[in-house]
Amino acid sequence: MKRPIRLPLLVAVALLATGSVPVAVAHGRVRTPEPLGDTTTAPVSAENARVGVLVRGGVHYCTASVVHSEGRDLIVTAAHCLTGSGSGGIEFVPGYRDGKAPYGEWAVTRTYVGDGWKGRQDEDSDVAFARVVSRGGEEVEDLVGGNRLVAGPGLSSVGEAVTVVGYPKAREAPVWCTNISTAYGDSQQRIECPGYTGGTSGSPWIDARGRVVGVLGGFQQGGATDDVSYSVVLGGEVAALYGEASK
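Residues numbered from 1 in each chain as written. Predicted model: local features only at pLDDT ≥ 70, side-chain atom pairs only at ≥ 80, totals over all residues. Heavy atoms only, no water.

Engineer: Please provide a residue-by-residue account of the environment of L74, values included.
Structural biologist: Within the fold, L74 resides in strand 5 (residues 74–77). Each C-alpha atom, one on L74 and one on A245, is 7.6 Å from the other, the two residues being 171 residues apart in sequence. (Helix = DSSP H or I, 4+ residues; strand = E, 2+ residues; numbered from the N terminus.)

Rendered as structure tokens:
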């Protein structure tokens, strides 16, 4: 479990953010961690600035990332990061490093959590979206950009190389790792990368085309060990939730 140390017919959704480039392309021109399965500190870059921390009570406790939406104000994370006791007063800090917020702090104003998670904390529904308040008339996507989100019935990134970017609770900079995702049952996917400790829940899984195809969470809220992490396969339920949140 990646917990903090403290403390009708849907079509595939694939919306392109204008000017969007990958956070970390698994096979392509953008540099990625090497070799496969090696976790290192993610470099400072405009693309990695789309990934940030969720902060509550002055402590960063989960990871989230900006995804393209019509309102240009949408982030994606794990459902268990946005629910539960004390779930109010959350801020998103993109590009967070060493206690600094180079792109500002963005207050979460509305959350979107699927019925499967709200009703019974179904691990196959552990994905959520949130809108953040604009700052000075500017939306978060205007400032740092937003990655595409791909979800829909029958879609899966299992067997592909994906890069996971996230913030361990005990670190003040993000880590990243690329490896091949594998199936875990029919509705979950897993990746073997060391060092994904508490705080990395909600980390985006980025495929070779720079698209979000997973979110660290799901089985055991992301995994019971630091070396293996999980994500829900982004199917019809996530596509419907994204459609609602991105209006």
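Back to the text.
Engineer: Break down the pattern of salt bridges for me, with residues and values.
Structural biologist: Tallying each qualifying case throughout the model produces six salt bridges. Its salt-bridge partner being R72, residue E141 comes within 3.4 Å of it at the nearest N-O pair. Linking E141 in helix 2 (residues 140–144) with R72 in the loop between strand 4 (59–67) and strand 5, this pair joins segments that are 69 residues apart in sequence. Its relative accessible area of 2% is what places E141 among the buried residues. Accessibility expressed as a relative area gives 22% for R72, which makes it partly exposed. The shortest N-O distance in the salt bridge between R72 and D142 comes to 2.6 Å. With R72 in the loop between strand 4 and strand 5 and D142 in helix 2, the pair connects residues that are 70 residues apart, well separated along the chain. Each of R72, E141 and D142 takes part in one network of salt bridges that share partners. (Salt bridge = Lys/Arg side-chain N within 4 Å of Asp/Glu carboxyl O. Buried < 20%, exposed > 50% of the residue type's maximum accessible area, 1.4 Å probe, protein only.)

Engineer: Provide a residue-level description of the sheet that holds strand 16 (residues 228–232), including the pertinent values.
Structural biologist: The strand order 12-13-16 describes an open sheet built from three strands, whose pairing is antiparallel. Only two strands of the sheet have a single partner each, and these edge strands are strand 12 (182–184) and strand 16. Taken over all neighbouring pairs, the strand axes of this sheet differ in orientation by 40 degrees on average, direction set aside. (Pairing = 2+ DSSP bridges. Axes fitted to C-alpha atoms, helices over the stretch in contact; angles between N-to-C directions.)

Engineer: Any chance you could break down the packing of aromatic side chains for me, citing the residues and the numbers?
Structural biologist: Considering all chains together, one arrives at five aromatic pairs under this definition. Considering the side-chain rings of F219 and Y230, the 4.9 Å spacing of their centres and the 70 degrees angle between planes classify their relative orientation as edge-to-face. Note that F219 is positioned in the loop between strand 15 (211–215) and strand 16 and Y230 in strand 16, a separation of eleven residues in sequence. There is no split in this pair, since F219 and Y230 are both buried. An aromatic cluster is present here, built from Y184, F219 and Y230 joined pairwise through their rings. Here R56 stacks its cationic end above the ring of Y61, 4.2 Å away from the centre of that ring. It is R135 that lies over the ring of W106; its NZ or CZ is 5.2 Å from the centre. (Phe/Tyr/Trp six-rings, centres within 6.5 Å; stacked < 30°, edge-to-face > 60°. Lys NZ or Arg CZ within 6 Å of the ring centre and 35° of its normal.)

Engineer: With reference to specific residues and values, describe the nonpolar core.
Structural biologist: Membership of the largest hydrophobic core comes to 22 residues, with the highest contact counts inside it found for L54, I75, F92, V132 and V140. Counting only elements with at least two residues in this core, the list comes to strand 4, strand 7 (106–113), strand 8 (128–132) and helix 2. It is strand 4 that provides the largest number of residues to this core, a total of four residues. When residues no more than four places from it in sequence are discounted, the contact partners of V140 are V66, R72, D73, F92, P94, W106, V132 and G145. If you look at the next biggest cluster of nonpolar residues, it comprises 18 residues, including V67, Y112, L234 and A245. (Core = buried A, V, L, I, M, F, W, Y, C linked by side-chain atoms within 4.5 Å. Contact = heavy atoms within 4.5 Å.)

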